[in-house]
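# Descriptive analysis of the structure
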Amino acid sequence: MNLDEVKRQFVEQVKLRAYDDKYIDKNEEREILQMALQHGVTVDSARAALAQVCESQGYVLESTALAAVKEMIQIQANNDGKIDEKEFNDAVSLLKVRTAGKKNDLQCKRMVIEIIDDNAYKVKTGLFSNWFTRVKREVGMA
């Protein structure tokens, strides 16, 4: 199979997976990248092509949305060393916008909580309350 055929097949796979919801989640992205690897395309080339196809077709790539939110949280954490409730809510709002409304508030909150937990960011809490624990309970993660 020549390179043009691989590219055409790659674009078709992206379109097929994003056909109904215009959204490529992490699992679909992994499947697409594995298909590209099986045809001899490098991971970096496949990621770049996937991002390009998604941008040109107006598809949301979940990993890109998560990267933007992770960067925002990193900046917020660097300000004073901790994430407060407003910063958390700002990150949730950004994720909701970046996912083009394909994820609801509950799903976005879970995704942001995972970013905070996975990167061991500190959370600013009050003297008598812990908003982060409360939010985790709301979304069923505590």
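All of the points below concern the structure found in this document. Not measured: the values here are computed from a predicted model.

### Observations regarding unusual backbone geometry
- The phi dihedral of Lys22 falls on the positive side, at around 60°, and the residue is not glycine.
- In this structure, Lys22 sits in the loop between helix 1 (3-18) and strand 1 (23-24).
- In this structure, Ala120 takes a positive phi of about 55° despite not being glycine.
- Take Ala120: it is sitting in the loop between helix 6 (105-118) and strand 4 (122-123).
- By relative accessible area, which is 62% here, Ala120 ends up exposed.

### Let's talk about the pattern of salt bridges
- Tallying each qualifying case throughout the model produces ten salt bridges.
- Its salt-bridge partner being Lys109, residue Glu138 comes within 3.7 Å of it at the nearest N-O pair. You can see Glu138 sitting in helix 7 (residues 131-138) and its partner Lys109 sitting in helix 6, a full 29 residues away along the chain.
- Judged by its relative accessible area of 46%, Glu138 falls in the partly exposed class.
- Judged by its relative accessible area of 22%, Lys109 is partly exposed.
- Residue Glu138 is joined to Arg134 by a salt bridge in which the shortest nitrogen-to-oxygen separation is 3.4 Å.

### Considerations on the nonpolar core
- With 24 residues, the main nonpolar core has Ile73, Ile83, Phe88, Leu95, Val112 and Ile116 as its most contacted residues.
- When residues of this core are traced back to their parent elements, those giving at least two are helix 4 (62-80), helix 5 (85-98), helix 6 and helix 7.
- Sorting elements by how many residues they give to this core places helix 6 first, with six residues.
- Apart from the residues lying within four places of it in its own chain, the contact partners of Leu95 are Ala65, Leu66, Val69, Cys108, Met111 and Val112.

What counts, and at which threshold
- Residues numbered from 1 in each chain as written.
- Predicted model: local features only at pLDDT ≥ 70, side-chain atom pairs only at ≥ 80, totals over all residues.
- Heavy atoms only, no water.
- Helix = DSSP H or I, 4+ residues; strand = E, 2+ residues; numbered from the N terminus.
- Buried < 20%, exposed > 50% of the residue type's maximum accessible area, 1.4 Å probe, protein only.
- Salt bridge = Lys/Arg side-chain N within 4 Å of Asp/Glu carboxyl O.
- Core = buried A, V, L, I, M, F, W, Y, C linked by side-chain atoms within 4.5 Å.
- Contact = heavy atoms within 4.5 Å.

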